[in-house]
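Overview (structure and organization)
Listed below are the residues making up each chain.
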Amino acid sequence: MKYFTIIIGFFMFMFLNSYSQEHEKSYIRPTDPLVQSNIEAWQDLKFGLLMHWGTYSQWGIVESWSICPEDEGWTQRTGAYSKDYFGYKKAYEDLQATFNPINFNPEKWAKAAQEAGFKYVVFTFKHHDGFCMFDTKYTDYKVTSAKTPFHTNPKANIAREITTAFRQEGFKVGAYFSKPDWHCPDYWWPYFPPKDRNVNYDPAKYPERWKSYKDFTYNQIKEILTDYGKIDILWLDGGWVCPKNINDPRDPGYSKLIDQDIDMAGIAAMGRQQQPGLIVVDRAEGTEFENYRTPEQQIPEKPLDYPWETCMTMAGSWSYVPGDTYKPASVIIHNLVDIVAKGGNYLLNIGPSPLGEFDEDAYARLKDIGDWMKVNGDAIYNTRPVAPYKEGNICFTRNKTGEVNAIYLAAQNEVSIPTIIAMRGIRPAKDATITLLGFTGKLKWKMDGGELKINLPKPAVAKPPCKYAWVFRISKVSQEN
Ligand code: GLC
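Cut-offs used in this document
Residues numbered from 1 in each chain as written. Predicted model: local features only at pLDDT ≥ 70, side-chain atom pairs only at ≥ 80, totals over all residues. Heavy atoms only, no water. Helix = DSSP H or I, 4+ residues; strand = E, 2+ residues; numbered from the N terminus. Rg over C-alpha atoms; globule rule 2.2 N^0.38 Å. Buried < 20%, exposed > 50% of the residue type's maximum accessible area, 1.4 Å probe, protein only. Areas by Shrake-Rupley, 256 points an atom, 1.4 Å probe, with all protein chains shown as cover. Lys, Arg positive; Asp, Glu negative; His and termini not counted. Charge placed at Lys NZ, Arg CZ, Asp CG, Glu CD. Pairing = 2+ DSSP bridges. Right-handed = clockwise from strand over helix to strand, strands pointing away. Near = heavy atom within 4 Å. Polar contact = N/O pair within 3.5 Å; in protein donor to acceptor, adjacent residues only side chain to side chain. Axes fitted to C-alpha atoms, helices over the stretch in contact; angles between N-to-C directions. pLDDT = per-residue confidence, 0-100. Contact = heavy atoms within 4.5 Å. Domains from an automatic or database assignment. Buried area = accessible area lost by both parts, 1.4 Å probe. Salt bridge = Lys/Arg side-chain N within 4 Å of Asp/Glu carboxyl O. Nonpolar A, V, L, I, M, F, W, Y, C, P; charged D, E, K, R; others polar. 1 Å grid on protein atoms, 1.4 Å probe; cavity = no way out; pocket = protein on both sides within 12 Å on 5 of 7 lines; lining within 4 Å. Points joined across faces, edges and corners; volume = space filled by probe spheres on them.

1. Focus on the overall build of the protein
Secondary structure summary: the protein contains 10 helices and 15 strands in total. Rg of the C-alpha trace for the protein: 24 Å, near the compact-globule value of 23 Å for 481 residues, within the 12% margin. Looking at the protein residue by residue over its 481 residues, the buried ones come to 54%. With an accessible surface of roughly 21100 Å², the protein has 54% of that area assigned to carbon and sulfur atoms. On the protein, the mean spot of the 56 positive side-chain charges and the mean spot of the 58 negative ones are 6 Å from each other.

This is the structure in structure tokens:
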């Protein structure tokens, strides 16, 4: 029995291993030269702000998922309506009638984000619940509907205000759009109760209805890509809406069972007609329409040889939850450095409140990140990964001019720089100079038994140029490495 278990275990391991390697291989490089150069330019930006905002913020609950009839940890319903699914869904959708974020001030957000060093923004035009934060013609379940009190506000077309304000601060702009729509009667047909996150009828049996859903989706995406100025990234969520069997093998759960072909080829072609060179991110599909990969709430162990972006919450939840715990600035900065050293981008999420504000803790983090970026941004933006990528608590990046940055991640209580910084993975050229970003003057260094040792002068030790992580810039590395 024991041997049997071991043998089965071995085959399972081999199977899963080959499965995931298979998947890793399946990144398909886009052929359009403009898309290629846009991805290259996007890889220079490194740091993006994601925002999840919708009517759900009023209840301080998870975005959309509480109306999904699956019994998962993140789909739980609580509160007065929770005992009856349909009553709950109605009350949830009635949140439209009270959504009134009167303190919405996108210029304030854009300014704070710009000062923190973010370079692009991705905003939820529509999440799975189907509520549109933009002025669509195709449904009344939207912020600009007469049913939504905020519709009389001059800033009612929230997506327009956000994209405009951030663009003015020099941001590139991405539109988050959910392929599934749990409000649309052509996705969850009211004839049947919804069963799970998927379409609740068989598209093969009711092709007209599915066609009408495809048209609706296409038309809404077309509106976004036509009426909102320059959109750089179309960030499509809801990976289970795809042709049968192409979904992410790591998440086979609810997908693959039903053919939910939304015609990505048609969407991408239209999208690039409206927005030449548009980066399309059809998440988790592994097709030519997933121009970069989006690991969620995690940082890959190793550098990946295709474009990628970790999306992660700044607090615990994507949506606004009162009293949510925000990650310390040190953690956010260390994550950013770790990601950039592995060749990725960091898309960090803030969920605005029902009145249209960021939490004070979010502002405090933005300020801390900005202080760090002002000193060290040069070791982050426009860089590319360089071996050995990471050595203990030191991460490496390479400037396009050839300089290498060794970024020392300080331990939690480490407030002064050690007098000697040592590493083995990088060998400076003989005539190289080494500096500490934010500190004037060259540092003394030597090679000692294959180890690079950098000596810190007293003033740098006594008064580090910043908190959390220190950057040693090596002007030239030896080719002999
Ligand atoms: C998760 C959440 C989804 C959210 C997404 C952002 O998949 O379930 O609601 O929009 O992360 O990456």
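2. Observations concerning the pairing of strand 6 (residues 309-313)
Summarising burial for strand 6: 5 of the 5 residues are buried, a large majority. Neither face of strand 6 is left uncovered, since the one carrying Glu309, Cys311 and Thr313 and the one carrying Thr310 and Met312 both have all their residues buried. Pairing of strand 6 with strand 7 (residues 345-350) involves 5 bridges; the strand directions are parallel. Bridge pairing links Glu309 to Asn345 in strand 7. Since strand 6 and strand 7 lie parallel, the crossover through helix 8 (residues 329-341) that links them has a hand, and here it is right-handed.

3. Regarding the site of the ligand
The local shell around the ligand consists of His52, Glu63, Trp65, His127, Tyr176, Trp235, Asp237, Arg283, Glu296, Cys311 and Trp318. A distance of 3.3 Å separates an oxygen atom of the ligand from a polar atom in the side chain of Asp237. At 3.3 Å, a side-chain N or O of Trp318 approaches an oxygen atom of the ligand. For the ligand, whose free accessible area comes to 310 Å², the fraction covered by protein is 89%.

4. Topic: the sheet that holds strand 7
Read across the open sheet, the 7 strands follow the order 5-4-3-2-1-7-6; overall the sheet is parallel. A single partner strand is all that each edge strand has here, and the edge strands are strand 5 (279-282) and strand 6. Averaged over all pairs of adjacent strands, the angle between their axes in this sheet comes to 20°, without regard to strand direction. As judged from the 4 bridges shared by strand 4 (residues 233-237) and strand 5, these two strands associate in the parallel manner.

5. Here's the deal with the confidence of the model for the protein
Residues at a pLDDT of 70 or more form 92% of the protein, whose mean pLDDT is 93. Scored below 50 in pLDDT, residues 1-23 shows 6 contacts in the model against residues more than four places distant or in partner chains.

6. Some details on the domain arrangement of the protein
Domain annotation for the protein reports domain 1 (2-379) and domain 2 (383-474). Opposite the 21 residues of domain 1 that make contact, domain 2 presents 23 residues. Regarding the contact of domain 1 and domain 2, the summed buried area is about 1800 Å², with carbon and sulfur atoms giving 60% of it. When residues of domain 1 are sorted by the area they lose upon contact with domain 2, His334, Ala341 and Ala379 head the list and together hold 28% of the total. For the pair domain 1 and domain 2, the number of links is 4 salt bridges. Note that Asp44 and Lys400 form a salt bridge whose closest N and O atoms lie 2.8 Å from each other. Taken together, the elements giving at least two residues each to the side of domain 1 that touches domain 2 come down to helix 2 (33-45), helix 8 and helix 9 (360-376). Looking at the side of domain 1 that touches domain 2 element by element, the count peaks at 8 residues for helix 8. Here the side of domain 1 that touches domain 2 is built from residues that sort into 9 nonpolar, 5 polar and 7 charged.

7. Brief notes about empty space enclosed by the protein
A probe as big as a water molecule, rolled over the atoms, marks out the empty space that is left. Summed over the entire model, instances satisfying the criterion amount to 2 cavities of 30 Å³ or more. Considered as a void within the structure, the largest cavity measures approximately 50 Å³ in volume. Forming the boundary of the largest cavity are Ala315, Ser317, Trp318, Ser319, Tyr320, Val321, Asp324, Tyr326, Asn349, Ile350 and Gly351. Of the residues in the lining of the largest cavity, the class split is 6 nonpolar, 4 polar and 1 charged. Roughly 30 Å³ of internal volume is contained in the second largest cavity. Residue lining of the second largest cavity: Trp53, Gly54, Thr55, Tyr56, Thr124, Phe125, Lys126, His127, Asp129, Phe131 and Met133, and that is the complete set. Looking at the lining of the second largest cavity, its residues break down into 5 nonpolar, 4 polar and 2 charged.

8. Description of unusual backbone geometry
Omega for the bond connecting Ala387 with Pro388 falls within 30 degrees of zero, at 10°, which places this linkage in the cis form. In this model, Gln297 sits at a positive phi of 55°, which is unusual for a non-glycine residue. For Gln297, the location among the structural elements is in the loop between strand 5 and strand 6. With a phi close to 60°, Asn382 is a non-glycine residue in the positive phi region. Tracing the sequence through the fold places Asn382 in the loop between helix 9 and strand 8 (384-391).

9. Overview of the environment of Ser66
The residue Ser66 is located in the loop between strand 1 (47-51) and helix 3 (85-93) in this model. The spatial distance from the C-alpha of Ser66 to the C-alpha of Lys89 is 8.5 Å, given a sequence separation of 23 residues. Leave out the neighbours within four places in its chain, and Ser66 touches Ile61, Thr75, Gln76, Arg77, Tyr88 and Tyr92.

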